[in-house]
Amino acid sequence: MTKTLEIKCQNLIADLGLGQAGDAQDVTALAGGVASDIASVVVGGARYCVKFALPKLKVAADWRAPVHRNAAEYAWLSVAADLSPDNAVKLFGRSETEHGFVMEFIAGEGVYLWKDAMLTGSPSRGEAKAVGDLLGRIHAVSAQAGFDRSAFQNRDDFRALRIEPYLTFTAQVHPDLADTLNAMAEALYENANVLVHGDVSPKNILIRNGAPILLDAECATMGDASFDPAFCLNHLILKAIYVPALRADLLAAVEEFWVAYCAHISWENATVLEERIARLVPALMLARIDGKSPVEYLDEAEREQTRNLAVSVLKNPVRQISDLVEIFKTVLKEVSL
């Protein structure tokens, strides 16, 4: 932990009236994503989690984003807390001057990170279905006429954090797919039908007593409903490639997620949305190999396998999630023989 982070935590605690700067004790940096500094801090015997947006992300490529995105993240977490408190982290305030906020530190029995469970080969406990249901409910609420969109007019931030590093950058690496990837990028930028979380990844989903809690909503914006489901399903497929023992479970979980999510679609034709998701999933797969934020756990052989599979589906797109799953089942089965 750096002295700078400790000072930022002290200033944040004081700014929010949770205590004096000197009351912030036991400041400990936490491992997490690449876009923020995250730490735990003890104030008056209570442990909190604090988060600060970074202007330059912690990746090899030059990837920058405005720190005011922290406000959209806090607003997204507030929406989730209002909709379903059991599926949300408790919030204790945000500082505009520090570009940081304080939330509940979640730990204890009955709590685990979904990513860790998959990577260690733990069988499915219904996480995908529960996440699909929660995400569908949030999207449905945000599509209603009375929803306050004012905190989520962040499509330029979304472009900087998601569209450019995942699709536009990857299009430069694969010029034969540039037209396809750039068209997807433009559509994601232009559409704004639901509140998009932007990082529905198992690394950002804690399971507490069976209920998923979505964190890390730095990319939150009104956007295209296809992005969040495709982003999550992509991760399930990548884990299926990495953990052969869970392959059948994880590919089944893809369809379980979709069925649970689909039950809430009210803002557009579900068939039309499903087709966009099915087309976007392989693009995101390729982005996690050749984009600005490559997945860290695949070896070179698995990376090449993922790349080839993604390119093949991008060049021969399907319209349904079930068709996508069947392709992956067939190809991965052949590879494992």
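Structure's up top.
Computed from a prediction, not measured in an experiment: that's the story for all the values here. (Residues numbered from 1 in each chain as written. Predicted model: local features only at pLDDT ≥ 70, side-chain atom pairs only at ≥ 80, totals over all residues. Heavy atoms only, no water.)

Caption draft 1: Just the pairing of strand β3 (residues 46–53), in detail. Burial analysis of β3 places 6 of its 8 residues in the buried class, which makes it a mostly covered element. What sits between strand β2 (residues 36–43) and β3 in their antiparallel hairpin is a turn of 2 residues, with glycine 44 showing a positive phi close to 60°. As judged from the 5 bridges shared by β3 and strand β5 (residues 100–104), these two strands associate in the antiparallel manner. Bridge assignment links valine 50 to a residue of β5, and that residue is valine 102. (Buried < 20%, exposed > 50% of the residue type's maximum accessible area, 1.4 Å probe, protein only. Helix = DSSP H or I, 4+ residues; strand = E, 2+ residues; numbered from the N terminus. Pairing = 2+ DSSP bridges.)

Caption draft 2: The layout of surface pockets, seen in detail. Empty space within the second largest pocket amounts to approximately 240 Å³. If you go around the second largest pocket, you meet 14 residues; those closest to its centre are Met184, Glu275, Arg276, Arg279 and Leu280. At the level of elements, α6 (178–190), α9 (270–290) and α10 (300–315) are the ones that each hand at least two residues to the lining of the second largest pocket. Considering every element that reaches the lining of the second largest pocket, the biggest residue donor is α9, with 5 residues. The residue makeup of the lining of the second largest pocket, split by class, is 8 nonpolar, 2 polar and 4 charged. (1 Å grid on protein atoms, 1.4 Å probe; cavity = no way out; pocket = protein on both sides within 12 Å on 5 of 7 lines; lining within 4 Å. Points joined across faces, edges and corners; volume = space filled by probe spheres on them. Nonpolar A, V, L, I, M, F, W, Y, C, P; charged D, E, K, R; others polar.)

Caption draft 3: Inspection of the packing of α6 against α9 at higher detail. The geometry of α6 relative to α9 is characterised by a closest axis approach of 11 Å and an angle of 115° between their N-to-C directions. Crossing handedness for the pair α6 and α9: left-handed. Each of Leu181, Met184 and Leu188 in α6 lies in contact with α9, whose residues at this interface are Arg279, Leu280 and Ala283. Classifying every residue of the contact of α6 with α9 by side-chain character gives 5 nonpolar, no polar and 1 charged. (Axes fitted to C-alpha atoms, helices over the stretch in contact; angles between N-to-C directions. Left-handed = near helix turned anticlockwise from the far one by under 90°. Contact = heavy atoms within 4.5 Å.)

Caption draft 4: Structural detail: unusual backbone geometry. Notably, histidine 99 is not glycine yet its phi reads approximately 50°, a positive angle. As for its placement among the helices and strands, histidine 99 is situated in the loop between β4 (91–95) and β5. Positive phi, close to 55°, is recorded for aspartate 216, a residue that is not glycine. Take aspartate 216: it is sitting in the loop between β9 (211–214) and β10 (221–223).

Caption draft 5: Quick peek at empty space enclosed by the protein. Under the criterion given, the structure shown has 1 cavity of 30 Å³ or more. Taken together, 13 residues line the largest cavity, and the ones lying closest to its centre are Trp114, Met118, Ser124, Glu127 and Leu250. When contributions to the lining of the largest cavity are tallied by element, the ones reaching two or more residues are α3 (114–119), α4 (127–142) and α8 (247–262). Residues belonging to the lining of the largest cavity are distributed by class as follows: 9 nonpolar, 2 polar and 2 charged.

Caption draft 6: Fine view of the environment of leucine 280. Following the sequence through the fold, leucine 280 ends up in helix α9. Of the residues examined, leucine 280 reaches a relative accessible area of 3% and is grouped as buried.

Caption draft 7: Geometry of the sheet that holds β5. Taken in spatial order, the 5 strands of this open sheet run β1-β2-β3-β5-β4, and their pairing is antiparallel. In this open sheet, the two edge strands, each paired with only one partner strand, are β1 (24–29) and β4. Neighbour-to-neighbour, the strand axes of the sheet open up by a mean angle of 25°, direction not taken into account. As paired strands, β2 and β3 are joined by 8 bridges and run antiparallel to one another. Residue pairing for β3: alanine 39 is matched across the bridge by valine 50. Where helix α2 (residues 69–83) meets the sheet, its contacts fall on β3, β4 and β5, and the angle it forms with β4 comes to roughly 160°.

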